[in-house]
Amino acid sequence: MVDTGKSVYDTHKCRLLRKYDLTDMETLFLFRFEDPVVAQDWRFKPGQFVEVSLLGLGEVPISICSSARRMGFFELCIRNAGRVTSAIHKLTPGSLVGVRGPYGNGFPMDQFHGRDLLCVAAGLGMAPLRSVFLYAIDNRWQFGNITIINTAKYGPELLFEKELEAMKDIATAENIAIVQSVTRDPDYPGLHGRATEHMEKANVDPDNCAVAMCGPPAMYRGMFDYLVEKGYDPRYIFVTLERRMKCGVGKCGHCNIGTATSWKYVCKDGPVFDYYAITSIPGLI
Amino acid sequence: MCPSYVMNQGDITKLIESARDSFDIFGPVKKRTKHVFDKIDDPAQIEMDYDSTILSPRKFFQPPSEVMMTFDLEEKSVDDTLENLRAERPRLLLAVHSCDLNGILLLDKVFGGEYVDHYYNIRRDKTTIVGLNCLEPCEYGFCRSMNTHHVVEGYDLFLTPIDGDRYFVQVGTAKGEHLIHMAENLFTLAETGDVQSFKNALKHKQEALPHEVDLEGINEYLDLSFSHPVWDEIAEDCVNCGACAMVCPTCYCYDVVDELDISLTSADRTRKWDACLFQDFALVAGGHNFRETPAARLKYRFYHKMRGFANEYGIIGCTGCGRCTAACPSDISIKEVLKRLSTIWEVPVSGVK
């Protein structure tokens, strides 16, 4: 019997505190929960996502990209891509949105403890991975060496470029290697090429390294081949996937995927999947 | 064990009369050449001897379109509409066949679990279901092949026609017992002879319902044919209309849309039935479509029924009701597809999708 209780589709009110343009298309939004009890209790894991709701316009699933340590607040990096996201981009600080979640499994950060960490992002993939490496930096003593590879097609599309660039001051002392590279922009003053082409700059030990990746399917295929060839342990290779999600709780069916043998909801069973799940389900990437 | 009862088949109208003060009553009624589950205002409308219905009883628990939330844009307030649902009159749903009861049991799993869907479950709690045993095969159904021709739960009362003019009545829940108390004079306790008639009816059913598809080895043959070009052939006729998903008792996918009122002061969030056959079902921002081709979408639906449900909930998602076959404008029969796949044992040379 469910004659009491809140609906899983109900949202918490969140106030937009700050907007910061990262690129032409992507803006970083800082939100705070209005209800102090929710603000105190709300926790998320790196790699989880929320459904952001604008009354009368709709809901969109967005990865959380801030540190899980800051209670009551969270940041979302949102690309101006559709009806709802363009409306979110028009919000001014002080506006209210509805938020429910967090949903999804997130990266298994506990399993990563004691290992080197390699984060590989392409394009918008830096958004969920920022939460991962901020976790690693916040819990620095739990990790060995850390490498962050951030790639994009064009220089102006590199997400969090300045933030990562600023971190380079302390990076050497902290055993953190930061690589930012573009693939299609001859005018970019920095590095050029895909993630695989810069792997020699990584300071991690393949035998004892956890890998977190987010990017388009083609990047995963290239990186999988590279990593397996170099002897990275496939049990510690994780990627996060994008799908159309309406409910976030494994009911609406849109992100459901599978083959003859294996079935997953990206929202509920993912969005983070390990190497074996990805390679055993054709069509997942 | 709850006692069983017997009642006269003709007394179903009296049962409706007795229950109408407490329930909104729904059951199979004739609509032109077919039957539908509809509200019964006049007890004489009910047709207990029906073959199948156009839509499954899923529509009572997950309506084709339902407002989940209403927004007051000036007050910035949200109403999740659950109070309205809780205030609705209880419903009595009559003459639900075994295949559909099994379908409801599957939907219970989908809308329950870790995240309980209140909209579904409140409706479910407020509904009393009277099941009805099918003793004769229907035109498109193949329930016996899918092992859904009998039920042990999912009903509040369950009727089995016996002796030509009576029902053997099994009580499944307290809700069922309550219904019996509403019209006590219609029911008498079943005696040994009635139990014998009940067993005779089940024996007759066992002989009458055909066993057409063998599920033995289904996992192997589904696995082997996943990448087989046969799917392109099967999908050749599919027009991706989604009719199969709309009539299916276990298809649950939905889309959520916000609709702004013309006054711009209020809005609704509505969920509507969706179908994985539709082109934009797996489309993501940026334009990438994870199931671009019609063949990929048809195959997805089929594998989700036959394997996805089993993987997630432990049972196959097809109840063998045959509605998809009846509804398909291209005469694609899920039964025939299964039969065809079960005969493919060669590994395709290429064309892996």
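Residues numbered from 1 in each chain as written. Chains lettered and ligands numbered in written order. Predicted model: local features only at pLDDT ≥ 70, side-chain atom pairs only at ≥ 80, totals over all residues. Heavy atoms only, no water.

Novice: Help me get a handle on the overall build of chain A, residues and values and all.
Specialist: A count of helices and strands for chain A gives seven helices and 15 strands. Here chain A has a C-alpha radius of gyration of 19 Å; the compact-globule value for 285 residues is 19 Å, and the two agree. Along the first, second and third principal axes, the C-alpha set of chain A runs to 55 × 45 × 35 Å. Split into buried and exposed, the 285 residues of chain A put 60% on the buried side. In chain A, the share of contacts with a sequence separation of at least 24, taken over all contacts with a separation of at least 6, comes to 69%. Of note, chain A has its 32 positive side-chain charges centred 6 Å away from the centre of its 32 negative side-chain charges. (Helix = DSSP H or I, 4+ residues; strand = E, 2+ residues; numbered from the N terminus. Rg over C-alpha atoms; globule rule 2.2 N^0.38 Å. Buried < 20%, exposed > 50% of the residue type's maximum accessible area, 1.4 Å probe, protein only. Contact = heavy atoms within 4.5 Å. Lys, Arg positive; Asp, Glu negative; His and termini not counted. Charge placed at Lys NZ, Arg CZ, Asp CG, Glu CD.)

Novice: Describe in detail the overall build of chain B, supporting the description with residues and values.
Specialist: Counting secondary structure elements, chain B contains 14 helices and 12 strands. Its C-alpha atoms give chain B a radius of gyration of 22 Å, near enough to 20 Å, the size a compact globule of 353 residues would have. Considering only C-alpha atoms, chain B reaches an extent of 65 × 65 × 40 Å along its principal axes. Expressed as a percentage of the 353 residues in chain B, the buried residues total 55%. A separation threshold of at least 6 residues defines the contact pool for chain B, and within that pool the share at least 24 residues apart is 74%. Accessible area for chain B stands at about 15,600 Å²; split by element, carbon and sulfur atoms hold 51% of it. Averaged over its 37 positive side-chain charges, chain B has a centre that lies 2 Å from the centre of its 55 negative ones. (Areas by Shrake-Rupley, 256 points an atom, 1.4 Å probe, with all protein chains shown as cover.)

Novice: Provide a residue-level description of the domain arrangement of chain A, including the pertinent values.
Specialist: Residue and element names in this part refer to chain A. As far as domains go, chain A holds domain 1 (12-103) and domain 2 (109-240). Computed from C-alpha coordinates alone, the two centres of domain 1 and domain 2 are separated by 24 Å. The partner domain 2 presents 18 residues to the 17 residues of domain 1 that form the contact. Carbon and sulfur atoms supply 60% of the area that domain 1 and domain 2 bury against each other, a total of about 1,400 Å² over both sides. (Domains from an automatic or database assignment. Buried area = accessible area lost by both parts, 1.4 Å probe.)

Novice: Explain the state of the cysteines residue by residue, including any values.
Specialist: Taken as a whole and judged by the stated rule, the model has zero disulfides over all chains. With no disulfide of its own, Cys 328 of chain B lies 6.3 Å from the sulfur of Cys 241 of chain B, the closest cysteine sulfur. (Disulfide = S-S within 2.5 Å.)

Novice: How would you explain the pattern of salt bridges if you had to name every residue and give the values?
Specialist: Summed over the entire model, instances satisfying the criterion amount to 34 salt bridges over all chains. We note a salt bridge from Arg 15 of chain A to Glu 34 of chain A, for which the minimum N-O separation is 3.0 Å. In this pair, Arg 15 of chain A is assigned in strand S1 (residues 12-21) and Glu 34 of chain A in the loop between strand S2 (26-33) and helix H1 (36-41), connecting sequence segments 19 residues apart. A relative accessible area of 25% means that Arg 15 of chain A is categorised as partly exposed. When the shortest N-O distance is used, the salt bridge between Arg 166 of chain B and Asp 163 of chain B registers 2.7 Å. One network of salt bridges, in which partners are shared, links Arg 18, Glu 75, Arg 130 and Glu 163 of chain A. (Salt bridge = Lys/Arg side-chain N within 4 Å of Asp/Glu carboxyl O.)

Novice: I'd like a description of the sheet that holds strand S5 (residues 77-79) of chain B, backed by residues and values.
Specialist: Residue and element names in this part refer to chain B. Ordered in space as S5-S4-S12-S11, the four strands form an open sheet in which the pairing is antiparallel. If you trace the sheet from one side to the other, it starts and ends with S5 and strand S11 (254-260), each paired once. Taking the axes of each pair of neighbouring strands and ignoring which way they run, one obtains an average angle of 20° across the sheet. The strands touched by helix H5 (residues 118-125) within the sheet are strand S4 (65-72) and strand S12 (266-273), with S4 carrying the most contacts at an inclination of about 120°. (Pairing = 2+ DSSP bridges. Axes fitted to C-alpha atoms, helices over the stretch in contact; angles between N-to-C directions.)

Novice: Pulling in residues and values, what's your account of the domain arrangement of chain B?
Specialist: All names here are of chain B. Along its sequence, chain B is carved into domain 1 (5-208) and domain 2 (218-344). With centres defined by C-alpha atoms, the gap from domain 1 to domain 2 works out at 26 Å. Listed as interface residues are 40 residues of domain 1 and, on the opposing side, 40 residues of domain 2. Together, the buried faces of domain 1 and domain 2 total about 3,400 Å²; carbon and sulfur atoms form 61% of this surface. Inspection of the domain 1/domain 2 interface yields three salt bridges.

Novice: How would you summarise the nonpolar core if you had to cite specific residues and measurements?
Specialist: Ranked by size, the top nonpolar core spans 170 residues in total, and within it Leu 118, Met 213 and Leu 227 of chain A together with Phe 302, Met 306 and Leu 341 of chain B carry the most contacts. Apart from residues lying up to four places away in sequence, Phe 302 of chain B is in contact with Leu 222, Trp 231, Ile 334, Val 337, Leu 338 and Leu 341 of chain B. Of all hydrophobic cores here, the second largest spans 24 residues; its members include Cys 14, Phe 44, Leu 76 and Val 84 of chain A. (Core = buried A, V, L, I, M, F, W, Y, C linked by side-chain atoms within 4.5 Å.)

Novice: Any details on the pairing of strand S2 (residues 24-31) of chain B? Residues and values, ideally.
Specialist: Residue and element names in this part refer to chain B. As paired elements, S2 and strand S6 (residues 91-96) share three bridges and run parallel to each other. By the bridge assignment, Asp 24 is partnered in S6 with Arg 91. Note that S2 and strand S3 (residues 34-39) share six bridges and pair antiparallel. The residue of S3 that forms the bridge with Gly 27 is Asp 38. Between S2 and S3, which follow one another and run antiparallel, lie two residues, and Arg 32 among them has a positive phi close to 55°.

Novice: Run through the packing of helix H4 (residues 126-138) of chain A against helix H5 (residues 161-171) of chain A, naming residues and quoting values.
Specialist: Residues and elements named next belong to chain A. Their axes nearest at 12 Å, the elements H4 and H5 cross at an angle of 25°. For the element pair H4 / H5, the angle class is roughly parallel. Our pair here, H4 against H5, has a crossing hand that is left-handed. Taking contact as the criterion, the partners of Met 126, Arg 130, Phe 133, Leu 134 and Ile 137 in H4 are, on H5, Glu 163, Leu 164 and Met 167. Here the contact of H4 with H5 is built from residues that sort into six nonpolar, no polar and two charged. (Parallel < 35°, antiparallel > 145°, perpendicular 65-115°, else oblique. Left-handed = near helix turned anticlockwise from the far one by under 90°. Nonpolar A, V, L, I, M, F, W, Y, C, P; charged D, E, K, R; others polar.)

Novice: Pulling in residues and values, what's your account of the sheet that holds strand S1 (residues 5-8) of chain B?
Specialist: What holds strands together in a sheet is hydrogen bonding between their backbones, with the strands either parallel or antiparallel. Residue and element names in this part refer to chain B. In space, the eight strands of this open sheet follow the order S3-S2-S6-S7-S8-S9-S1-S10, with mixed pairing throughout. Edge positions in the sheet fall to S3 and strand S10 (188-189), since each of these pairs with one other strand and no more. Bridge count between strand S8 (residues 157-162) and strand S9 (residues 166-171): six bridges; the pairing is antiparallel. When the bridges of S9 are listed, Leu 159 appears paired with Val 169. Against the sheet, helix H8 (residues 192-208) makes contact with S1, S8, S9 and S10, and its axis sits at roughly 85° relative to S8, the strand it touches most.

Novice: Describe the interface of chain B and chain A, naming the residues involved and giving the relevant values.
Specialist: Opposite the 52 residues of chain B that make contact, chain A presents 44 residues. Between chain B and chain A, roughly 4,000 Å² of surface is buried when both sides are summed, and carbon and sulfur atoms account for 55% of that area. When the area that chain B buries against chain A is broken down by residue, the three leading residues are Tyr 115, Tyr 254 and Phe 290 of chain B, summing to 16%. Where chain B meets chain A, there are four salt bridges. Between Arg 244 of chain A and Asp 255 of chain B there is a salt bridge, and its shortest N-O distance comes to 3.8 Å. At the junction of chain B with chain A, the criterion picks out 21 residue pairs in polar contact (both at pLDDT 80 or more). (Polar contact = N/O pair within 3.5 Å; in protein donor to acceptor, adjacent residues only side chain to side chain.)

Novice: Could you give me a rundown of the environment of Ile 78 of chain A, with the residues and numbers involved?
Specialist: Residues and elements named next belong to chain A. Note on placement: Ile 78 falls in strand S5 (residues 73-79). The buried category is assigned to Ile 78, whose relative accessible area is 0%. As for Ile 78 and Ala 195, which are separated by 117 residues in sequence, their C-alpha atoms are 23 Å apart.

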